[in-house]
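Secondary and tertiary structure notes
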Amino acid sequence: MEYNLADLFESVVDVVPGREALVSADHPGTGAVRRLTYAELDAAANRVAHHLLDSGLKAGDHLGLHLYNGTEYLQTVLACLKARLVPVNVNYRYVEEELVHLYNDADLAALVFDGEFTGRVAAALPRTAGLRHLIRVGPAPEGAPEPSVTPVAYADAEAAGSPERGFPARSADDLFIIYTGGTTGMPKGVMWRSEDLFFAGLGGGAPTGQPVASPQELAERVAAGGEGLVFFPTPPLMHGTSTLTAFIAFNYGQKVVVHRKFVPEEVLRTIAAERVTSVSLVGDAMLRPLADALGGPLAGTDLSSLFAVSSSGAVLSGTVRAQFLALAPKVMLLNNFGSSESGFNGTATGDPTDRAFRLRMNARTRVVHPVTHEPVPPGEPGRLAQRGHVPLGYYNDPAKTAETFFRRDGERWVLLGDMATVDEEGLVTVLGRGSQCINTGGEKVYPEEVEQALKAHPDVYDALVAGVPDPAWGSRVAAVVQLRAGAPEPTLEEIQSHCRTRLAGYKIPRRLVITPAVQRSPSGKADYRWAKAVATRTTPGQPGPGAGPGPQPEPAGPPAPGPDATPPRT
């Protein structure tokens, strides 16, 4: 047996077949709870895997998952891994043009999609080369145009396949592709070998302990251990962190709970009902509405089982951490750091009021010069980089791969997008994404630091920061702010006064745009392209552009505005 994700999962199934593995707390179509044991999930994945192979797909073909959360998502990922197909996540908020790009860029041969997206799939399909097999979960909306390739109903696909295994031998080299969010550019497909993803993204079977020394040891650990841990990844499973969280739970032989969409009140009810021990989410955009619900309509919800809430992809601000801990003081809040290109890098140190994001990185992570790739001296800014178990590169993008991945001392390295410094003791301070750095009069400002200061204001619900052109300084700092419901609108001077207690003068926002809702991805990640567009196009005293046309994300808070929403104000 090799370090292959499907082999490892099957080894766990064989030692705890009757243990509960997966719970869909609001299964699509019925709203009922669907429960699968490890043996049932294994057989269900086998059925879909055999259907895919019987339909003419072959090892190495790419399958897109254009789905909301549900048992079908993880069942299909497992089916792909079992059949040696390559799973590819698809952002379900994409519209026709974005889908055409991703379907073609990823060379999809098959697609599993929610019925709700039938119209978008039908529109994109004629301009998609190679996509020849469709499976639809649930019915299409009434009147939606049918795709030119007739979809197979998911239930029919599952019924048609054998529940037995009987697959050819797999490899540690089998691929798993994670497409990036695309909030700072076009999405890119990160190519992971199964073995590398197991160690870098899943902690080698023990993210908080000693990785396994052999593939067989994973099942041995599960057989020797108990049950009782319940993992609840609340962001969309198409966000890599959520799928990896589910697989971490599977590697422990524990239970995974999923919701179709993030609804704060329902999340809290499910934590109580399923005795959830660990929740994963993305930043303040998800934790703040949980805290608001827990302090309001869901006050008194039983969270006694909850041990930890972890954030990845966005930093939990000190203000929101304090708000949640006042209501759930026994819960441990973790700011984890990782990316599609690196897996897991480390967890933030310090108390909830820390203004800087400081990490005790793992042994594979370094801060290096962005050009020479040599380690930087303590205190000097550089780029985060990781060695060893790293991706092979970006799918279909050799130029970007050459920019981001390199070899040194006989090892593969990946150069991450985040700027950072390291101190004498090896403690890393993450400054922010280099691509979002604002150069104002020669001084560098990282948006994340300013956003932390803004969100400490009692009337600010959410905020993003971007640079806007300035004839004298090159760029100036602009804040795009969403206020709490009913809060009075602050002036720029009031916001600046608040920030001056926390930031150096050159970091203070010089423009303030008030918007009905800050636009983020469905997972809660910042959409800096949107923030820059709003901040740049909005002129003081004139109507702003609003959130723009097209579908809006579903933020964890007040609903995002549509094209006719109230425009931002400056």
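See the structure above.
Residues numbered from 1 in each chain as written. Predicted model: local features only at pLDDT ≥ 70, side-chain atom pairs only at ≥ 80, totals over all residues. Heavy atoms only, no water.

1. Some thoughts on the packing of aromatic side chains
Going through the model one piece at a time under the given rule, you end up with 13 aromatic pairs. Arranged with centres 6.2 Å apart and planes meeting at 10 degrees, the rings of Tyr92 and Phe117 form a pair that is stacked. Taken together, the residues span a long stretch of sequence, with Tyr92 in the loop between strand 4 (86–89) and helix 4 (96–105) and Phe117 in the loop between strand 5 (108–114) and helix 5 (118–124) at a distance of 25 residues. For the pair Tyr92 and Phe117, a shared accessibility class is recorded, and that class is buried. Measuring from centroid to centroid gives 5.6 Å for Phe247 and Phe250, while their planes differ by 75 degrees, and the two rings are edge-to-face. With Phe247 and Phe250 both in helix 9 (residues 240–252) and three residues apart, this pair spans about one turn of that helix. Following the ring pairs from residue to residue traces out a cluster consisting of Phe9, Tyr38, Phe247 and Phe250. In this structure, Lys188 packs its charged tip against the face of Tyr394, placed 5.5 Å from the ring centre. (Phe/Tyr/Trp six-rings, centres within 6.5 Å; stacked < 30°, edge-to-face > 60°. Helix = DSSP H or I, 4+ residues; strand = E, 2+ residues; numbered from the N terminus. Buried < 20%, exposed > 50% of the residue type's maximum accessible area, 1.4 Å probe, protein only. Lys NZ or Arg CZ within 6 Å of the ring centre and 35° of its normal.)

2. Concerning the nonpolar core
Counting 101 residues, the largest nonpolar core has Leu74, Tyr103, Phe250 and Leu384 as its most contacted members. In contact with Phe250, not counting residues within four places along its chain, are Phe9, Val12, Ala21, Tyr38, Leu41, Leu74 and Val256. Of all hydrophobic cores here, the second largest spans 30 residues; its members include Val23, Leu290, Leu306 and Phe324. (Core = buried A, V, L, I, M, F, W, Y, C linked by side-chain atoms within 4.5 Å. Contact = heavy atoms within 4.5 Å.)

3. Re the environment of Gly379
You can see Gly379 is positioned in the loop between strand 17 (365–368) and strand 18 (382–387). Residues Gly379 and Val422, spaced 43 residues apart in sequence, show a C-alpha to C-alpha distance of 5.8 Å.

4. A short note on the environment of Gly295
Tracing the chain through its elements places Gly295 in the loop between helix 11 (284–294) and strand 13 (308–311). Spatially, the C-alpha atoms of Gly295 and Ala326 are 9.4 Å apart, while their sequence positions differ by 31 residues.

5. Points about the pairing of strand 21 (residues 411–422)
Among the 12 residues in strand 21, nine count as buried, and that is most of the element. One ladder, built from five bridges, connects strand 18 with strand 21; its direction is antiparallel. Bridging from a neighbouring strand, Ala385 pairs with Leu415 of strand 21. Hairpin connection from strand 20 (residues 405–408) to strand 21: two residues lie between these consecutive antiparallel strands, with Asp409 at a positive phi of about 55 degrees. Relative to strand 22 (residues 427–433), strand 21 runs antiparallel, the two sharing five bridges. (Pairing = 2+ DSSP bridges.)

6. Examining the side chain of Glu158
As for its placement among the helices and strands, Glu158 is situated in helix 6 (residues 154–160). Ignoring sequence-local partners within four residues, the contact set of Glu158 consists of Arg34, Ala44, Arg47, Val48 and Gln75.

7. Observations concerning helix 4
In an α-helix there are 3.6 residues to a turn, and that puts residues three or four apart on one side. Considered for burial, the residues of helix 4 that qualify are Leu99, Val100, Leu102, Tyr103 and Asp105. Residues of helix 4 that are buried in the fold lie against strand 3 (62–66), strand 4, strand 5, helix 5 and strand 8 (175–179). A positive phi of about 55 degrees marks Asp107, the residue just after helix 4.

8. Some details on the pattern of salt bridges
Counting across every chain of the model gives 36 salt bridges. In this structure, Lys255 engages Glu20 in a salt bridge whose closest nitrogen and oxygen atoms are separated by 3.2 Å. Of this pair, Lys255 sits in strand 11 (residues 255–258) while Glu20 sits in strand 1 (residues 20–24); the two residues are 235 residues apart in sequence, bridging distant segments of the chain. One salt bridge in this structure joins Lys400 and Glu403, with 3.5 Å as the shortest N-O distance. In this pair, Lys400 and Glu403 both sit in helix 13 (residues 398–404), three residues apart, roughly one turn of the helix. (Salt bridge = Lys/Arg side-chain N within 4 Å of Asp/Glu carboxyl O.)

9. Thoughts on the packing of helix 11 against helix 12 (residues 318–327)
Relative orientation and spacing of two packed helices are given, respectively, by the angle between their axes and the distance between those axes. Viewed as axis vectors pointing N to C, helix 11 and helix 12 meet at an angle of 35 degrees, and their least axial separation amounts to 9 Å. Where helix 11 crosses over helix 12, the two elements pack in a sense that is left-handed. Between helix 11 and helix 12, the contacting residues are Asp284, Leu287, Arg288, Ala291, Asp292 and Leu294 on the first element and Thr319, Val320, Gln323, Phe324 and Leu327 on the second. Taken together, the residues that form the contact of helix 11 with helix 12 break down as six nonpolar, two polar and three charged. (Axes fitted to C-alpha atoms, helices over the stretch in contact; angles between N-to-C directions. Left-handed = near helix turned anticlockwise from the far one by under 90°. Nonpolar A, V, L, I, M, F, W, Y, C, P; charged D, E, K, R; others polar.)

10. Overview of the side chain of His50
The topology assignment puts His50 in helix 2 (residues 38–54). Among the residues examined, His50 registers a relative accessible area of 13% and is labelled buried. Setting aside residues no more than four positions away along its own chain, His50 makes contact with Gly161, Ser162, Glu164, Arg165, Gly166 and Phe167.

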